[in-house]
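Given next are the chains, with one letter for each unit.
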Amino acid sequence: MPSSADRKLNLYALTWRLPIIFWQFIFFVGPVLFMVAMSFFLVKNYRMTEAFEFVNWSKMLSRGYFWDSYWYTVFIAGVSTLCAMCIAFPAAFALAFRASENTRRWAIFLLIIPFFTSYLVRTFSWFVILSENGVINGMLNYIGLGPYTMLNTNFGTLVGYMTLTLPLVVILQTVTMANIDKNLIEAARNLGCSAFRTIWQVIIPLSKTGLIIAAIFCFILSFGDFVAPFYLGGSQEPTLPILILDTTKSGQQWPRAAVVAIMMMGTLFAIAFTGIALAYRKKKGAK
Amino acid sequence: MSKPLVVFDKVQKNFGNFVAVKELDFEIREGEFLAIMGPSGCGKTTTLRMLAGLETPSVGEIRLNDRGMNDVAPHERDTPLVWQSLALFPFLTARENVEFGLKMRGVDKAERRERALKWLAKMDILEFADRDISTLSGGQKQRVALARSLVMEPQILLLDEPLSALDAHLVIRMQAVLTDLQRELGITFVYVTHSQSEAFAMADRVIIMGKGEIAQIGSPKDIYREPANQFVAEFVGRNNILSGNVASLSDDTARITTPSGDFTVPTNEVRLTEGHNASFVISADLVHISMGEPEGSNKAQCKLISEEFVGSMVTLFLEDAQGHEFKVQMQERELSKFDLKSGAEIWLSWDTASAHVLNES
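Note that the structure is a prediction, hence the values are computed from the model and not measured. (Residues numbered from 1 in each chain as written. Chains lettered and ligands numbered in written order. Predicted model: local features only at pLDDT ≥ 70, side-chain atom pairs only at ≥ 80, totals over all residues.)

### Considerations on the overall build of chain B
Looking only at helices and strands, chain B features nine helices and 20 strands. C-alpha atoms of chain B, sized along the principal axes, occupy 75 × 45 × 40 Å. Out of the 361 residues in chain B, the part that is buried amounts to 37%. In chain B, once contacts between residues fewer than 6 apart in sequence are set aside, the share between residues at least 24 apart is 64%. (Helix = DSSP H or I, 4+ residues; strand = E, 2+ residues; numbered from the N terminus. Buried ≥ 20, exposed ≤ 12 C-beta atoms within 10 Å, placed from the backbone. Contact = placed C-beta atoms within 7 Å.)

In structure tokens, the structure reads:
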């Protein structure tokens, strides 16, 4: 039985929560529900009409190009996650264990700076570096190599994804590893574990939660990104975000685009849920 | 006489401009229980960490079995350490924690398991073998940490204040466990602590450190009865310290004039000069009390300030007319004969042989 003081407190808390609850409903839950409803609408004469037909779902999910695009997006986002995690790890390791506290503070500050500028602007600046007569090919030309095509390739897409995700992944990994109890690493060394082996035996198990969350973030950002595959990857093989754009453009097929979007959201839900479950999995007290 | 297992050869450790320890020059004998004791910041943990290879000496050398250890990485040493924080791996079960060191050494799975279970049984925690570390109590974790180090069957076990996080009654139990283990296994224990009771209860020899240097090495009794200098005398709790001027010298005694009176002390091997300063100590438990003025040449009249009970032992805190503090330690049943009240005037006295002259330091 809550006392009147409790009820007053609850009312107070609720008042402050109301705006965010309101906001979430209007701008998140509402649109998602509308999108789900829209996936059952029909398009007649380039006009969307309300209906409840499964034709969009059956058409979309039976098309080869949808599944090609789906698996390609899963694959390239997976490769992006793997690359970001591997490239970030040595940097985060050095910042967490080798750098002084002051250096670490500055490094994290510097890693936040890229977010000051628009991701689109940062993506365009890669043109200067990656194009046929860009900085890299110019330098390779000096030693008699190239030119290599880097724009409009998977490589270009990945460079874009790294631009988006790497600073965040480094920050998340650094913060996770900096919080490890150094005594545990020394204890492992004391018990005959070489410095390199402690990475697998101690550091990764201890920072598992943070590392998985960093990977989830990286996958979500890459999976839903439109800019990198469109501008740097040249949308040779369209990823799902590009497919959504194309679908809406061709014949005003908003309902079919909604199908793609719902498939994407479902995939991300599944990945995030599995990842979090894995991250917080605890061993049983007894086997 | 057992041979030295470890030799510290004029070892010094600097952290930047800070000298953590210097002139460490001592031996650790095979099979002994050595305690390194001192106030926090005295360098005792640094000394232990150098032995484990977690710090490298800036000057000098540490030798283990006559082998110079300065260039040997920590994981190539056989010097397991029991940590103050225990440092058990939270992502492993109790048994997996104990197996860790064996796994690193490439011992195969079946043997690993067998040896781990043997040690868990020996430490009386076999039933918790497959439990998560976080589900164990402080005392159980302590035993897992000991098993994890001892399963390596080392020649020497290092312990860094391992009992400091335990409840008082568990500390006494674990002290017994540790001394029994050390006797049974016959291996060398190096035990770092700030607790005099732990060090004196368990160790064969004690090293007292202060400000990065060794102040005294000796048996607990030597250190208690014959502190080498004022630092040790003050650190080893229940001592009365008096300072004054040497008034006269005879063959083996000296008469020292202090603000609290004139006292006769045995000179032992300490060189004293007439007219120079000298300090001496009398252990609190060697001081007698009486209501009337006693016989003898070493006595002081004091006022009782307060009493402190620990078990059946009582410590009296007294002050003489000059405000100098005296401490007397005695059995409670002896004290009850006197019926003392706070502020009571009583006489203290002690035998000349009970006094111990300090080296100047």
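### Quick word on the overall build of chain A
Of regular secondary structure, chain A possesses 13 helices and two strands. Over its C-alpha trace chain A gives a radius of gyration of 24 Å, far above what one expects of a compact globule, namely 19 Å for 287 residues. The proportion of buried residues among the 287 residues of chain A is 29%. Residue pairs in contact within chain A that sit at least 24 positions apart in sequence constitute 72% of those at least 6 positions apart. (Rg over C-alpha atoms; globule rule 2.2 N^0.38 Å.)

### Considerations on the interface of chain B and chain A
On the chain A side, the residues contacting the 20 residues of chain B number 17 residues. Per-element accounting of the side of chain B that touches chain A gives the leading share, three residues, to helix 2 (residues 94-104) of chain B. Of the residues assigned to the side of chain B that touches chain A, the class counts are 11 nonpolar, five polar and four charged. (Nonpolar A, V, L, I, M, F, W, Y, C, P; charged D, E, K, R; others polar.)

### Topic: the pairing of strand 17 (residues 313-320) of chain B
All names here are of chain B. Of the strand pairs in this sheet, strand 16 (residues 299-310) and strand 17 are connected by eight bridges, and their pairing is antiparallel. In the strand pairing of strand 17, Cys302 is matched with Asp320. Strand direction decides the pairing type here: strand 17 and strand 18 (residues 325-331), joined by seven bridges, are antiparallel. The partner of Val314 across the bridge, within strand 18, is Met330. The antiparallel hairpin formed by strand 17 and strand 18 contains four residues in its connecting segment, where Gly323 sits at a positive phi of about 85°. (Pairing = 2+ DSSP bridges.)

### Things to note about the sheet that holds strand 4 (residues 59-64) of chain B
Hydrogen bonds along the backbone pair up the strands of a sheet, which may run parallel or antiparallel. Within the open sheet, the four strands sit side by side as 2-1-4-5 (chain B). Their pairing is antiparallel. Bordering the open sheet on either side are strand 2 (18-29) and strand 5 (67-68) of chain B, each of which pairs with just one other strand.

### Some remarks on the sheet that holds strand 11 (residues 239-249) of chain B
Residues and elements named next belong to chain B. Taken in spatial order, the five strands of this open sheet run 13-12-11-14-20, and their pairing is antiparallel. A single partner strand is all that each edge strand has here, and the edge strands are strand 13 (261-266) and strand 20 (355-357). Within this sheet the neighbouring strands show an average axis-to-axis angle of 45°, counted without direction. One ladder, built from six bridges, connects strand 12 (residues 253-258) with strand 13; its direction is antiparallel. Residue pairing for strand 13: Thr253 is matched across the bridge by Pro266. (Axes fitted to C-alpha atoms, helices over the stretch in contact; angles between N-to-C directions.)

### Considerations on the environment of Glu99 of chain B
Residues and elements named next belong to chain B. Among the structural elements, Glu99 can be located in helix 2. On a C-alpha basis, the gap between Glu99 and Ala116 in space is 5.7 Å, while along the polypeptide they are 17 residues apart. Residues within four places of Glu99 in sequence aside, it is in contact with Arg112, Arg113 and Ala116.

### Quick word on the nonpolar core
With 131 residues, the main nonpolar core has Leu34, Leu158, Val190 and Tyr191 of chain B as its most contacted residues. Of all the elements, helix 7 (residues 154-178) of chain A adds the most residues to this core, at 10 residues. Excluding residues that lie within four positions of it along the chain, Val190 of chain B makes contacts with Ile28, Leu34, Ile36, Leu48, Leu51, Ile156, Leu158 and Leu159 of chain B. The next biggest cluster of nonpolar side chains, apart from the first, holds 10 residues, and it includes Leu243, Ala257, Val259 and Ala261 of chain A. (Core = buried A, V, L, I, M, F, W, Y, C linked by C-beta atoms within 7 Å.)

### Considerations on unusual backbone geometry
Residues and elements named next belong to chain B. Despite not being glycine, Lys10 shows a phi value in the positive range, around 45°. In this fold, Lys10 is placed in strand 1 (residues 4-15). Note on Lys10: 12 C-beta atoms within 10 Å, which makes it exposed. Positive phi outside glycine occurs at Glu161, with the angle close to 45°. Tracing the backbone shows Glu161 in the loop between strand 7 (156-160) and helix 5 (168-185).

### What about helix 4 (residues 101-112) of chain A?
Spanning 12 residues, helix 4 of chain A covers 17 Å between terminal C-alpha atoms, matching the ideal 16 Å at 1.5 Å per step. In terms of residue burial, helix 4 of chain A counts as a barely covered element, since only zero of its 12 residues are buried. (Expected span 1.5 Å × (residues − 1).)

### Observations concerning the packing of helix 10 (residues 208-224) of chain A against helix 13 (residues 254-279) of chain A
Residues and elements named next belong to chain A. At a minimum axis separation of 9 Å, helix 10 and helix 13 run at an interaxial angle of 170°. Looking at the two axes, helix 10 sits roughly antiparallel to helix 13. Residue-level contacts link Lys208, Thr209, Ile212, Ile213, Ala215, Ile216, Phe219, Ile220, Phe223 and Gly224 of helix 10 to Met264, Leu268, Ile271, Ala272, Gly275, Leu278 and Ala279 of helix 13. (Parallel < 35°, antiparallel > 145°, perpendicular 65-115°, else oblique.)

### Describing the confidence of the model for chain B
Residues and elements named next belong to chain B. With 99% of its residues at a pLDDT of 70 or more, chain B shows a mean pLDDT of 90. For chain B, per-element mean pLDDT is lowest for helix 9 (residues 332-335), which scores 86, and highest for helix 2, which scores 96. As scored by the predictor, the complex reaches a pTM of 0.82 and an ipTM of 0.82. (pLDDT = per-residue confidence, 0-100.)

### Remarks on helix 13 of chain A
Note that an α-helix has 3.6 residues per turn; residues three or four places apart therefore point the same way. The terminal C-alpha atoms of helix 13 of chain A, which comprises 26 residues, lie 37 Å apart, in line with the 38 Å expected from a rise of 1.5 Å per residue. Regarding helix 13 of chain A, the residues found buried are Pro255, Arg256, Ala257, Ala258, Val259, Val260 and Ala261 of chain A.

### Description of the environment of Asn239 of chain B
All names here are of chain B. For Asn239, the position within the fold is in strand 11. Taking the C-alpha atoms as reference points, Asn239 and Leu286, 47 residues apart in sequence, are found 9.6 Å from one another. Residue contacts for Asn239: discarding those within four places in its chain leaves Pro227, Ala233, Val281, Ser283 and Ala284.

### Quick look at the packing of helix 3 (residues 64-98) of chain A against helix 10 of chain A
All names here are of chain A. Running from N to C, helix 3 and helix 10 cross one another at 140°; their axes reach a closest spacing of 8 Å. When the interaxial angle is binned, helix 3 and helix 10 end up oblique. At the point where helix 3 passes helix 10, the crossing takes the right-handed sense. Along its contact with helix 3, which presents Thr73, Ala77, Ser80, Thr81, Ala84 and Met85, the element helix 10 presents Ala214, Ala215, Cys218, Phe219, Ser222 and Phe223. Class assignment of the residues belonging to the contact of helix 3 with helix 10 gives a composition of eight nonpolar, four polar and no charged. (Left-handed = near helix turned anticlockwise from the far one by under 90°.)

### Quick notes on the pairing of strand 1 of chain B
Residues and elements named next belong to chain B. When strand 1 meets strand 2, the two strands line up antiparallel, connected through eight bridges. Looking at the pairing, Val7 lines up with Glu27 of strand 2. Following strand 1, the chain reverses through two residues before pairing antiparallel with strand 2; Gly16 in that reversal takes a positive phi of roughly 65°. Pairing analysis gives five bridges linking strand 1 to strand 4, with the strands arranged antiparallel. Considered in strand 4, the bridge of Val7 is made with Arg63.

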